[in-house]
Amino acid sequence: MNEPVPIGGPALAGPDLQELLALVARGDQDAFAELYDAVSGTVLGLVRAVLRDPAQSEEVTQEVLVEVWRTAARFKPSLGSARTWILTLAHRRAVDRVRSAQAATDREHRAALLERTPAYDEVTEQVEARLEREQVRRCLGGLTELQRQSVTLAYYRGLAYREVAELLAVPLGTVKTRLRDGLIRLRDCLGVSV
């Protein structure tokens, strides 16, 4: 009658994970099935806590248990328990998945920004065109009012010389002279060589 009575009811005897891992390391499939049943729920719970996505959690759990099967021989009991080793593998794999997903999201974000950013050559061309327009405006400002009107109507509005003459109510020869003189002054101002 002096038998010790466990407090809290009879102790549940679970499989010894360290022994199972040693058998798994030797390729024992039955031992792996027993190990799988013993730890898969805990592994899934840990992975789900990190990933929060049920489908990815199941996938990572499967990857972890396959890794346990392949690398069981690496387990060293002197460094910790079998459960700790397996859960460490699970946590690392889950964190790797989170980092991988974040890296993919970051890459997609950078790619989207690059697509919206004009290429260097486009920016250069835009700046050059703006500078050229400003220089032309400045040079047009250096023409007489009659020359500027004639050049603007003929070259910016696309009117024929005759139409410019009619619009300004001056002879056609006068328009041609104003245009010639205005274009010569523009050429000199812009530094264009013939």
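Quick caveat, the model's predicted, so the values are computed rather than measured.

The next thing to look at is helix α6 (residues 145-156). With twelve residues, α6 ought to run about 16 Å at 1.5 Å a step, and its terminal C-alpha atoms sit 15 Å apart, in line with that. All of the buried residues along α6 are Gln147, Ser150, Val151, Leu153 and Ala154. Looking one or two places after α6, you find Gly158, whose phi comes out positive at around 75 degrees.

Let's shift gears to a nonpolar patch on the surface. The grouping of Tyr155, Tyr156, Tyr161, Leu172 and Leu183 at the surface amounts to a nonpolar patch, some 470 Å² of accessible area in total. Looking at the nonpolar patch, the elements with two or more residues in it are α6 and α8 (172-190). Along the polypeptide, Leu172 turns up in helix α8. Exposure remark for Leu172: the relative accessible area of 31% places this residue in the partly exposed category.

The next subject is helix α3 (residues 54-71). With 18 residues, α3 should reach 26 Å at 1.5 Å per residue; the first-to-last C-alpha distance of 25 Å fits that figure. Within the sequence span of α3, burial applies to Ser57, Val60, Thr61, Val64, Leu65, Glu67, Val68 and Thr71. Along α3, the residues classed as buried sweep out an arc of 155 degrees about the axis, all on the same side. Seen from the buried face of α3, the exposed residues on the opposite side, beyond 90 degrees, are Ala55 and Arg70. As for α3, its buried residues are in contact with α1 (17-25), α2 (29-51) and α4 (82-116). Where α3 begins, the capping side chain belongs to Asp53, and its oxygen is found 3.1 Å from the backbone nitrogen of Ala55.

Another point: the packing of α6 against helix α7 (residues 161-168). Across the interface, α6 lies against α7 with an axial gap of 10 Å and an inter-helix angle of 135 degrees. The angle between α6 and α7 falls in the class oblique. Seen from above, α6 lies across α7 with right-handed handedness. Across the interface between the two elements, Gln149, Ser150, Leu153, Ala154 and Tyr155 of α6 pack against Tyr161, Val164, Leu167 and Leu168 of α7. Residues that form the contact of α6 with α7 fall into these classes: seven nonpolar, two polar and no charged.

A few words on unusual backbone geometry. Even without being glycine, Arg52 reaches a positive phi, approximately 70 degrees. We classify Arg52 as exposed; its relative accessible area is 69%.

Conventions used here
- Residues numbered from 1 in each chain as written.
- Predicted model: local features only at pLDDT ≥ 70, side-chain atom pairs only at ≥ 80, totals over all residues.
- Heavy atoms only, no water.
- Helix = DSSP H or I, 4+ residues; strand = E, 2+ residues; numbered from the N terminus.
- Expected span 1.5 Å × (residues − 1).
- Buried < 20%, exposed > 50% of the residue type's maximum accessible area, 1.4 Å probe, protein only.
- Patch = residues over 30% accessible without salt bridge, like charges linked within 9 Å, V, L, I, M, F, W, Y side chains within 5 Å.
- Areas by Shrake-Rupley, 256 points an atom, 1.4 Å probe, with all protein chains shown as cover.
- Salt bridge = Lys/Arg side-chain N within 4 Å of Asp/Glu carboxyl O.
- Arc of directions from axis to C-beta.
- Contact = heavy atoms within 4.5 Å.
- Polar contact = N/O pair within 3.5 Å; in protein donor to acceptor, adjacent residues only side chain to side chain.
- Axes fitted to C-alpha atoms, helices over the stretch in contact; angles between N-to-C directions.
- Parallel < 35°, antiparallel > 145°, perpendicular 65-115°, else oblique.
- Left-handed = near helix turned anticlockwise from the far one by under 90°.
- Nonpolar A, V, L, I, M, F, W, Y, C, P; charged D, E, K, R; others polar.

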